[in-house]
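# A structural walkthrough
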Amino acid sequence: MEILIPYFKSGLENNELCVWIISKPLEVGGAKEALRTTIPDIDVYLAKGQIEIVPQTQGHVNEGIFDSEQVINGWVNKLDRVLSRGYEGLRVAGATSWLKKEDWDDFVAYEKKADSSIRKRPIISLCPYFLEMCSAADIIDVTFNHQFALIKREGKWERIDNSGWENLSGKKQAEEAIPLEEPRPGLNLENIFSPSQEMANLELADIIDIGAVQSLMNDFYEFSHVTIGLVDLKGNVLVWVGWQDICTRFHRVHPEACKHCIESDTKLSAGVAPGEFKLYRCKNNMWDVATPIVVGGQHVGNIFSGQFFFEDEPLDYELFRAQARKYGFNEEEYIAALEKVPRLSRGYVDTVMSFFMKFAHMISQLSYTNVRLAQSLTERESLVDALRESEKCERARSDEMAVLLDAVPTAVWIAHDSRALHITGNRLSYEWLRIPLGSNASKSSPPGERPETFKVFRNGVELSPVDLPLHVSAAGTELLDYEFDFVYPDGVIRHVLGNARPLHDEIGNPRGSVAAFIDITERKRAEEALQKAYDNLEEKVKERTAELEEACKALVENERRLSEAQKMAHIGIWDWDLVTDEMYWSDEAFRIAGCSPRKSGLSYTDILNLIHPDDREYVDNTVKRALKGKPFGIDPRIVLADGENRVVHVQGEVVFDEKNNPLRMRGAVQDITESKRAEEKIKILADAVESSDDAIITKSLDGIITSWNKGAEQIYGYLAEEILGKNASILEPFHLKGDMKQLTEKIKRKEKIQRHRTLGLKKDGTIINVSITLSPIFDASGEPVAVSAIARDITERIRAEEALAKIEDARKKEIHHRIKNNLQVISSLLDLQAEKFRDKDVLEAFRESQSRVLSMSLIHEELYKGGETDTLDFSTYLEKLAENLFRTYSFRSKNICLSMNLEENAFFNMDIAVPLGIIVNELVSNSLKHAFTEKEGDIRIRLCREESDCEMSKSLFSLTISDNGKGIPENVELESVESLGLQLVNILVDQLDGNIKLKHDQGTECRIEFKVMERS
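The notes below deal with the structure included here. (Residues numbered from 1 in each chain as written. Predicted model: local features only at pLDDT ≥ 70, side-chain atom pairs only at ≥ 80, totals over all residues. Heavy atoms only, no water.)

What the chain contains, in helices and strands, is 31 helices and 39 strands. By residue count, 39% of the 1016 residues in the chain fall in the buried class. In the chain, 56% of the contacts between residues at least 6 apart in sequence involve partners at least 24 apart. Within the structure as shown, the chain displays about 58600 Å² of accessible surface, and the carbon and sulfur contribution to it stands at 52%. (Helix = DSSP H or I, 4+ residues; strand = E, 2+ residues; numbered from the N terminus. Buried < 20%, exposed > 50% of the residue type's maximum accessible area, 1.4 Å probe, protein only. Contact = heavy atoms within 4.5 Å. Areas by Shrake-Rupley, 256 points an atom, 1.4 Å probe, with all protein chains shown as cover.)

Take a look at the structure:
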């Protein structure tokens, strides 16, 4: 850029049209910005077209092909247009970064052609190159193909002039700058002495001394009065004397007549062999005679005589008078000039021509000898000059080569002998070796001179001096792509790569070598990094391959699933090519139509025939509208082959080209017969919901009401538009706020809420009794998303149930009262009947029966007196039962103590209370009768809730009755006792699904365990 920008700035200021050919990475926008930093008015120049910025695809390369002839001709034509627009010239800079290695030679040839084509024209061309893209040979080509080269080294630009270019072009430029002198009589030595001048190209004027010959001919004419002339093959008269007035004053003056003279000199005189002459009448009707001058076998001109008449021929005056009139001559003067024309005999003409033939031969021989001699001398001088020039060029080229080798980014070494005892190199080579510039770089040099600043390794092994590349190649072995390492004392390693080629003397013996190497340290590091990256990439590729294989399997599986899904969902696809009228149907599309799958789909006519007759016109009109750009989705009926009617959903669209012509129609078809039927059922269900007297409500899991039927309006008094979007808590009385939220949480946990009785709040504030059933609403994944609630107003039913309950309670109390009374009557009857017997055992039996009846009577009495009719507080009942038993056996229980530990809130129904009451009666009365011989002791009654199952509402109770009396013998089992009372205890325990345990130590203890369903 630091060269290109000033280059174009100068051209714009000099009124030249500038063309900048760029290549990537530089873009047009970037080039403009670069120009704008130095040329503030660049936008003005761009606007008027004085500078053009084009990519190399337009400037050099066309469709990837570089045509040098086409490019050069293009520049020449462009220059003509540039000059016609008033510009001073054309200034060009072309990018070369696009060049490929294989195109380099062609591009060098193009530059040579371009130089020869534009050298004489007002064109200047600047060609930038990147050193890192050029080899040493490439840089040499660039330098020698241009007038001069600019190379940037160590931050400074250096100019390398091409002396060979100056010597080659300087002479031509001098010839164009200094006009040649007018031709003068005498030899044209420049043409004769030119070594490149061939005999075939010699002119007669170049090989004779015109002045000398003219003087000789003048003297010859003084005594012979013979007309003579020397004429070259173009008709130019070089020497002449004695020519007649009729020619000089008339024929050679008039254009047409002169044309006849020249034609006679060049054509009529042609075809004469050396040593002979030709007599001919010229086109102006006088006799001429000519003999050729031949130099080195090349005819270069003629010795001419003529302008006479033979003395023995009559003169046709009328012919010449006609010529005078034809050409507009003064007839009398023309005839007077005609009279002066000499009349010669034929013998005289032969004698004169014999002399002229000898004279022509003499001129030919002398001219040829002089020419050869002059050329030999000139060639000798040219060779000497060329030798001097060659030495000068060689010195210049040597200097240029030294500068060039110092400029290239390549280390170059030269071994000056076959044993590589003396090695020198360019500047970079000494920098690499870390030795002074110009010193001997050979490891084979004598001790003390040998460089010790580096060692050479190859493949990790240090090389001996004889194995170094310069030594091997100096011995005659060429090394190509040779790689080794410089290792320095500070541990730095430099990797290098290059070639070493032997030099040979004139007989082919090795005389040294030349080597060029480049630094590939960074490349080595890059290769190592690249190898690591490659290894990582290989692993990644394997992983990716495995992933792709899995993805491929998944894709195949997905395709299979998609096919299965289409089959299960009854969805088929179709594609109609409107241009070819070909129809594609998927297998499922055929199955929906009741057809077997085949390669092509049904035609449009067949499809219409498949449609229900009542729907055909509608379908046809829909397709026609789609062809105008309107997509469609319709639900027509189809009639299968077996007569079954099905409903399908058809969806499609038309694809158009850029001119809005329809190309194809494509879409999908789905059998929606079942969904249609489901929709009808849903509609019926919706109608039923809407017409239901129950409130049917849908709410979100957050409690927001989303649906509200007529029954809900009637029960709660809210219209749908008043309640939708509000929280369902608006329907709860104040003291029950939050109950509905708790029920929703149970629904989330998938618990069932059926016929739950609670209170509701109407719009007018009235509280009503409602029975609510809640059901979850699930999404496609089975997760609950909403709650459906059915609420029924049961206020009247509750009132009726309460009334019935009161009646039922009264009835039950009456029953308990009557049973109690009846049992008391039975007890009284037993008491009266016992008075008739005196046997103690019989009396005891009556008393036990009476006690059992009283225990049952006491239960009914408690139920009658209490608030409940189905359950009784069993602990209270036990207290009264024990008190009654102690009163019954008072004669035995005066010194017996009773201790009771009873569970509170132990409510049992009659199925539990009656058997337990009888068991307590039997065990306590048994203790009172048989346990105490000393008439004193303790009886203990304990009722305890051992376990409680809240979910099942069941509890495990234990009833323990014990005394400290004499006890039952240890060898007596409760099941084997013949006592009616104890047998009755066993029966009743089994009836309760309980178990009984009997202990004999320190009296008697009976522990009974049983389960009771408690009220909540």
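This next bit is on the sheet that holds strand S38 (residues 995-999). Reading across from one edge, S34-S36-S37-S39-S38 is the order of the five strands in this open sheet, with mixed pairing throughout. A strand with exactly one partner marks an edge of an open sheet, and here the two such strands are strand S34 (895-902) and S38. Here the average twist between neighbouring strands, direction ignored, is 15°. Relative to strand S36 (residues 936-949), S34 is paired through eight bridges, and the arrangement is parallel. Bridging across to S36, Cys-897 finds its partner in Asp-938. (Pairing = 2+ DSSP bridges. Axes fitted to C-alpha atoms, helices over the stretch in contact; angles between N-to-C directions.)

This part covers the environment of Ser-445. Here Ser-445 shows up in the loop between helix H17 (427-433) and strand S17 (455-458). Sequence separation between Ser-445 and Ala-420 is 25 residues; the distance between their C-alpha atoms is 8.5 Å. Beyond its immediate chain neighbours, meaning those up to four positions away, Ser-445 contacts Leu-421, Asn-440, Arg-450 and Pro-451.

One open sheet holds the seven strands; their spatial order is S16-S15-S21-S20-S19-S17-S18, and the pairing between them is antiparallel. With one partner strand each, in any of the chains shown, strand S16 (423-425) and strand S18 (461-462) form the two edges of the open sheet. Bridging between strand S15 (residues 411-415) and S16 involves three bridges; their strand directions are antiparallel. Of the residues in S16, the one forming a bridge with Trp-413 is Gly-425.

On to the packing of helix H29 (residues 874-888) against helix H30 (residues 910-930), then. Direction vectors running N to C along H29 and H30 enclose 35°, while the axes themselves pass 10 Å from each other. Taken as a pair, H29 and H30 cross one another with a handedness that is right-handed. On H30, the residues touching Phe-874, Tyr-877, Leu-878, Leu-881, Leu-885 and Phe-886 of H29 are Ala-913, Leu-916, Gly-917, Val-920, Asn-921, Val-924 and Leu-928. Taken together, the residues of the contact of H29 with H30 break down into 11 nonpolar, two polar and no charged. (Left-handed = near helix turned anticlockwise from the far one by under 90°. Nonpolar A, V, L, I, M, F, W, Y, C, P; charged D, E, K, R; others polar.)

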